[in-house]
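Structural characterization, general
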Amino acid sequence: MSAECSSYLNADKVLVSGFSCPQMSGDARAVYCCGFQDVKYCCDDPHSFFPYEHSYMWWLSVGALVGLSIAAVVLFAFIITVCVLCYLFISTKPHSKLDTGLSLQMADTELHPLQGPHQNKLLTKPSSFKRFPEPQG
């Protein structure tokens, strides 16, 4: 059994003449023509796409996994740091000094400060202000 690899232009645009598989100088089991338009070779698996050993690709995969793992750990540490800082910011805020905003009142009226929260009796403001003498001293 043998296969014919047709001539092709390699990546440097140089014409490579066609050849038969298996080649004289190659493996006798490599009876299939494998590869792409710009690189062709004889191989023993008709579904092979790369002219490299699988261990070469395995090391690329291990390197990618290590890099992704390091990036994931850094991202996780960043998220934890942001959460801790937000919690500390919120928990150290004084609760007694919270500003509830402006109180809404009707014009020319005010709520008497001595009355409870359930008594909504409004008192009118005086129309003029009394002037007290300034203390001497």
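Please refer to the structure higher up on the page.
These numbers were taken from a predicted model, which means no experiment stands behind them.

**What to know about the state of the cysteines**
- One pass over the full model with this rule turns up three disulfides.
- Here C34 is linked by a disulfide to C43, with a sulfur-sulfur distance of 1.7 Å. You'll find C34 and C43 in the same group, each marked buried.
- Taken in N- to C-terminal order, the disulfide-linked cysteines of the protein are connected 1-3, 2-5, 4-6.
- No disulfide involves C83; its sulfur sits 6.7 Å from the nearest other cysteine sulfur, which is in C86.
- For C83, a relative accessible area of 48% gives the class partly exposed.

**Topic: the nonpolar core**
- By size, the foremost hydrophobic cluster in this structure holds seven residues: A3, C5, Y8, F19, C21, A30 and C42.
- Y8 has contacts with V14, L15, V16, F19, Q37, D38, V39 and K40, leaving out every residue within four places of it along the chain.

**Observations regarding the pairing of strand β5 (residues 32-35)**
- Sheet analysis places β5 next to strand β6 (residues 40-43), joined by four bridges and oriented antiparallel. Across the sheet, the residue bridging to Y32 is C43, located in β6.
- Where β5 folds back onto β6 in an antiparallel hairpin, the turn is made up of four residues.

**What to know about unusual backbone geometry**
- Between C21 and the following residue, P22, the backbone shows a cis peptide bond with an omega angle of 0 degrees.
- Mapping P22 onto the fold places it in the loop between β4 (19-21) and β5.
- Phi angles above zero are rare outside glycine, and K13 is one such case at about 65 degrees.
- When you line up the elements, K13 lands in the loop between β2 (8-9) and β3 (15-16).

**Observations regarding the pattern of salt bridges**
- Scanning the entire structure with this criterion turns up one salt bridge.
- R29 is the salt-bridge partner of D27, the closest N and O atoms lying 3.1 Å from each other.

**Some remarks on the environment of F19**
- Looking at the secondary structure, you find F19 in strand β4.
- For F19, a relative accessible area of 16% corresponds to the buried category.
- Residues F19 and Y41, 22 residues apart in the sequence, show an inter-C-alpha distance of 9.0 Å.

Reading the values: the criteria
- Counting of residues starts from 1 at the beginning of each chain's written sequence and follows it residue by residue.
- Totals for whole chains, interfaces and linings use all residues, but because this is a predicted model, local features are given only for residues with pLDDT of at least 70 and pairs of side-chain atoms are given and counted only at 80 or more.
- Side-chain metrics in this entry use all non-hydrogen atoms of the structure; hydrogen atoms and water are not considered.
- Counting rule for disulfides: a pair of cysteine sulfur atoms within 2.5 Å.
- Burial status follows relative accessibility: with a 1.4 Å probe on protein chains alone, a residue under 20% of its type maximum counts as buried, one over 50% as exposed, and anything between as partly exposed.
- Each nonpolar core is a collection of buried residues, namely Ala, Val, Leu, Ile, Met, Phe, Trp, Tyr and Cys, held together in the definition by side-chain atoms within 4.5 Å.
- Contacts were defined at the residue level, with two residues in contact if any of their heavy atoms lie within 4.5 Å.
- At least two bridges found by DSSP between two strands is the condition for calling them paired.
- Going along the chain from the N terminus, every DSSP run of H or I of four or more residues is numbered as a helix, and every run of E of two or more is numbered as a strand.
- We define a salt bridge as a side-chain nitrogen of Lys or Arg found within 4 Å of a carboxyl oxygen belonging to Asp or Glu.

Without other data, these values stay purely geometric and don't point to any function.
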